[in-house]
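Residue strings, one per chain:
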Amino acid sequence: MSRDSPHLDEMPYSREPLKTLYVAQRLLTTMLLVPFWVLYYACVPRSRRPRPSWSLKQIVSVNFMRRVYRVAEVAGVTWGTRDPDANCDNRTLNETRFEWVEPLPEDLRSGIVVDDQVPFRRVGICVWPKHKPADLEAHAGQTPVIGIFLHGGGYCHMSAHEKSKTSKIPRRLMQDKAFTEIHSVEYRLLQHAPFPAAVQDAAAVYAHLVRRHTCLNIPSASSSKATSETFTDRDSQNQDHIHGTTGSDGHLTNIEYTKSKDSKDSKNNEIHGKNEKQTTGVTTKVTETTTYEKHCKIILIGDSAGGNLVLALARWIRDEARLPAPDGLLLLSPSCDPSHAFPDTPSCYVPRPHAETDYLVDTPEPRALLQRTFLGHNPLETMHSPYVSPASQRVLKAFYGDQFATSVESLTIRALDAEVRANIRNMISVPSTPVLGGELERSPTSLRRPMMASPRGLSLFTDFPRTCVVLGDAERLEREVIKLVGAMERDGVKVRTAWVEDGVHDVLIMGWWDQKVIDKVWTEVEAWVDDVATSRTVAS
C-alpha cells in the first residue's frame, strides 16, 4: 500500500484534472516535434548535432525521453512499478520465478537499517532463470556466481519484474551465461516507505543468499582455542567476537563468530580487521568458534538509483561486519550524490553537466521534493550521509580534506588516465577519516547519527569489494560518478571503468542505442565478472 507522498502536494500538475491535461498536451507536443527534429538534424552538419557520432534515431530518442521525463518532475507520474507486497503468479512469468524472502533476521538488525518507524518486511524477488539449476552448489564444477540486482528508477519508478525496462540488464547477463543465478529485488520505493526501507529489503535478500550458500562448521573440542583479542576504548567489555577471512582483494569473504565461554551478553560484538585503530589492551580468552564460509561468489548489481542502493548495502555490510562481504560491485551509471539537490545556498547550486546530451532532467526544486520524500521522517542531514550521498563534496571533504575534494570536483572520465589515478591513490589526505567527537555511545552508522563517520577508523571506501563502473561521457551524472571512482581509488579499491564514449545515462537499457557500442560494453562487463568468478579466495 502506498503511503502519503507530501511531494505531490507541491507539484503544479499532480492533481486531476490538471494532471491528465498536462500529460496529454506534453505527449502531443512531443510527437509533433519529432518530424521537426528529424528534418533539422538531417540538414545541419554533424558537428551541430549534440554529439557528432549520434544517429538521427539517437538524437530523436534522447530529446523525446527528456520531454517525457519532465512529466515525472511536475506531475508526479510514475511508471513500471508494482506493489512490493503483492504476490506474483509464476504461471505468468516466462524467464524468472517469483519467491518470497523473510525479513532481515533479528540478529542482523543493527546500524543504519534500524528505524522504529520503518518496519522490516518480507521481500519479493524475481529469480533468473525460471528453473533452478540442478546442482547450484557445484555448477559445472565451478563456484556458483550469484547476482543480486537492484533496479534503477530514482527510487520511484520500475520494478524487479521481468517485463520492467531495467530487466534488460539481468536478462543479458543470464543470456551470456555470466551468472548462475540473478535475484532481482522488489525493494520498497519511496511511495511505499522512506529510507532505510530499501536498504532493509536489499540486506534481507543478501543475508538470505549468504546463509543459503554457507557451510556451517559446528564447533567442537578441537575448535576451541586460545585467541589474543584486541579491544578498543569503546568496546573493551565486549565478549563476543567476529573474525574475518579475506580474499585476494582484501575484503571479508567469510565470518567467524567467536563466543567466549564467560560471555553474558550475546549481542555485544568486537570487530577485528586490518584497519583497526586506537587499541588499548590485549587479553587472552578460551573461545569456541563457529565459522560461516560462503560457498559462492555474490556480486551486487545496480543501475542508476539501484547503484546508489548497492553502495548503501555494501557499506552496511562492511560497517556492521556481521556478514561476509560481497565479491564485487557492478555499478551502471550509479546515482551517488542525491544531495546535489540541496546546495548550502541557492546561489551555490551548480547544474549537472551535459544538459543537451542526456535525457535526465535536473530541475532542483522537484528533485529536492522527491529526495525529501525519500528521507521521510529522517532529518535533512541524512541526505549528507555516506549511505545516501557517498560522492558529495561535503562527504569527500570530511573524509579526505579540501585538497582531494577539489582535485576530483570537475574530473571527467576522459581525463581519468593512469597518471591521474596514481596521483589520487598517493595523495596525502587530511583528515584521513572523520573524528567522531562527542556522544561516542552512539553507533556512527545509526540513523541517530547519520553524518560522516565510519567504524573502526575506516576511511570512506576501505575494505569495499572490487568494483566495475559503467559510465557514459554524455550523461548528467558523470562528475559525481568520477568522484566516486576517485574516492574508491584513494582507498585502495580495485576499480575497473567501462567508458561509453558519447553514451547517455544507463545506456545498457536503451534499446534504441547503437548495438555495437552496447555489445562492446557488455563484453567489458562480462570479462570483469569472469575475473571475479575465477579469483582465488585466500586466508589472510
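For every chain, the first residue of the written sequence is number 1, and numbering continues from 1 along that sequence. The model is predicted, so local features are restricted to residues of pLDDT at least 70 and side-chain atom pairs to those at 80 or more, both for listing and for counting; the totals for chains, interfaces and linings are taken over all residues. As a rule here, side-chain values come from all non-hydrogen atoms in the structure, and water together with hydrogens is ignored.

- The chain is annotated in an unreviewed UniProt entry as Alpha/beta hydrolase fold-3 domain-containing protein of Somion occarium.

### Describing the nonpolar core
- We define a nonpolar core as any set of buried Ala, Val, Leu, Ile, Met, Phe, Trp, Tyr and Cys residues linked to one another through side-chain atoms lying within 4.5 Å. For every residue, the accessible area (1.4 Å probe, protein chains only) is compared with the maximum for its type, and the residue is labelled buried under 20%, exposed over 50%, or partly exposed between those bounds. Ranked by size, the top nonpolar core spans 126 residues in total, and within it L173, F179, W316 and F461 carry the most contacts.
- Where helices and strands are cited, they refer to DSSP runs of H or I of at least four residues and of E of at least two residues respectively, numbered from the N terminus. Looking at which element gives the most residues to this core, the answer is helix α4 (residues 197-212), with 10 residues.
- In what follows, residue pairs with any heavy atoms lying within 4.5 Å of each other are defined as contacts. Beyond its immediate chain neighbours, meaning those up to four positions away, F461 contacts L311, R315, R318, P390, Y400, L484, A487, M488, D491 and V493.
- In this structure, Y22, V71, V74 and V77 belong to the second largest nonpolar core, which totals 5 residues.

### Focus: the UniProt feature "transmembrane region" (unreviewed entry) in the chain
- UniProt positions are given in the numbering used here, feature names are shortened, and annotations may be inferred rather than shown by experiment. Here, the residues flagged by UniProt with the feature "transmembrane region" (unreviewed entry) are residues 21-42.
- Annotated as 100% helix and 0% strand, the span residues 21-42 places its first and last C-alpha atoms 32 Å apart.

### Quick word on the confidence of the model for the chain
- As a per-residue quantity, pLDDT reports the predictor's confidence and falls between 0 and 100. Taken residue by residue, the chain gives an average pLDDT of 81. The fraction at 70 or more is 76%.
- Confidence drops under pLDDT 50 across residues 216-244; counting only partners more than four residues distant or on other chains, this segment forms 104 contacts.
- The model gives residues 435-451 a pLDDT under 50, and that stretch makes 40 contacts with residues more than four places away or in other chains.

### Details of the sheet that holds strand β1 (residues 97-101)
- Strand order in the open sheet made by the 8 strands is β1-β2-β4-β3-β11-β12-β13-β14, with mixed pairing throughout. Because the sheet does not close on itself, it has two edges, and the strands there are β1 and β14 (495-500). Strand-to-strand twist of the sheet, defined as the mean angle between neighbouring strand axes without regard to direction, takes the value 20°.
- In this structure, strand β11 (residues 297-303) lies alongside strand β12 (residues 328-332), joined through 5 bridges in parallel fashion. Its bridge partner lying in β12, L300 is registered against L329.
- Axis definition: a line fitted to C-alpha atoms, limited for helices to the stretch in contact. Angles are taken between N-to-C directions and run from 0 to 180 degrees. Strand contacts of helix α5 (residues 305-320): β3 (145-150), β11 and β12, with the helix running at about 140° to β11, the strand carrying the most contacts. At least two bridges found by DSSP between two strands is the condition for calling them paired.

### A look at the packing of helix α7 (residues 393-400) against helix α10 (residues 478-490)
- Two elements in contact, α7 and α10, have axes separated by 11 Å at closest approach and are oriented at 15°. Classified by the interaxial angle, the pair formed by α7 and α10 is roughly parallel. For the pair α7 and α10, the sense of crossing is left-handed. Seen from α7, the contacting residues are Q393, L396 and Y400; seen from α10, they are K483, A487 and R490.
- Of the residues in the contact of α7 with α10, the class split is 3 nonpolar, 1 polar and 2 charged. Orientation categories follow fixed angle ranges, with anything under 35 degrees roughly parallel, anything over 145 roughly antiparallel, 65 to 115 roughly perpendicular, and all other angles oblique. Crossing handedness is defined as follows: a turn of the near helix away from the far one that is anticlockwise and smaller than a right angle gives a left-handed crossing, while the clockwise case is right-handed. Amino acids outside the nonpolar list (Ala, Val, Leu, Ile, Met, Phe, Trp, Tyr, Cys, Pro) and the charged list (Asp, Glu, Lys, Arg) are all regarded as polar, and Gly is one of them.

### Topic: the packing of helix α1 (residues 18-43) against helix α2 (residues 56-75)
- Two numbers describe how α1 lies on α2: the axes approach to 10 Å, and their chain directions differ by 160°. Between α1 and α2, the angle is such that the two are roughly antiparallel. Relative to α2, the crossing made by α1 is right-handed.
- For the contact of α1 with α2, a count of residues per class yields 18 nonpolar, 3 polar and 4 charged.

### Details of the state of the cysteines
- The rule for a disulfide is simple: a pair of cysteine sulfur atoms within 2.5 Å. Under the defined criterion, the tally for this structure stands at 0 disulfides.
- With no disulfide partner, C126 has as its closest neighbouring cysteine sulfur the one in C88, 5.4 Å distant.
- Exposure remark for C126: the relative accessible area of 2% places this residue in the buried category.

### Notes on the pattern of salt bridges
- Here, a salt bridge means any Lys or Arg side-chain nitrogen found within 4 Å of an Asp or Glu carboxyl oxygen. In this structure the tally under the stated criterion is 22 salt bridges.
- Residues R211 and D107 are paired through a salt bridge, measuring 2.8 Å at the closest nitrogen-oxygen approach. On the criterion of sequence distance, the pair formed by R211 in helix α4 and D107 in the loop between β1 and β2 (123-128) is long-range, its members being 104 residues apart.
- Take R211: its relative accessible area is 42%, and that puts it in the partly exposed class.
- For D107, a relative accessible area of 44% gives the class partly exposed.
- Close ionic contact of R318 with D319 constitutes a salt bridge, the shortest N to O distance being 2.9 Å.
- By relative accessible area, R318 is classed as buried at 7%.

### Topic: the environment of Q175
- Along the chain, Q175 turns up in helix α3 (residues 168-175).
- Between the alpha carbons of Q175 and P129 there is a distance of 9.5 Å; along the sequence they are 46 residues apart.

### Overview of the packing of aromatic side chains
- In summary, the pairing rule links any two rings of Phe, Tyr or Trp, Trp by its six-membered ring, whose centres are within 6.5 Å, and it sorts them by plane angle into stacked for under 30 degrees, edge-to-face for over 60 and tilted for everything else. A complete count under the given rule lists 13 aromatic pairs for this structure.
- With a centroid separation of 6.1 Å and an interplanar angle of 20°, the aromatic rings of F36 and Y40 are classed as stacked. Of this pair, F36 and Y40 are both found in helix α1, 4 residues apart, which corresponds to roughly one turn of the helix.
- With centroids separated by 4.9 Å and ring planes inclined at 85°, the aromatic side chains of Y40 and Y41 adopt a geometry described as edge-to-face.
- Among the aromatic side chains, those forming a connected cluster through ring pairs are Y155, Y187, F195 and F374.
- Charge-over-ring contacts are defined here by two conditions on Lys NZ or Arg CZ: a distance within 6 Å of the ring centre and an angle within 35 degrees of the ring normal. The side chain of R109 reaches across the aromatic face of F120, ending 4.2 Å from its centre.

### Considering α10
- In this scheme, a helix's expected span is set at 1.5 Å multiplied by one less than its residue total. End to end, α10 covers 18 Å across 13 residues, agreeing with the expected 18 Å (1.5 Å per residue, within 8%).
- α10 sits mainly inside the fold: 12 of its 13 residues count as buried.
- Listed in full, the buried residues belonging to α10 are E478, E480, V481, I482, K483, L484, V485, G486, A487, M488, E489 and R490.
- Just downstream of α10 lies G492, where phi reads positive at about 85°.

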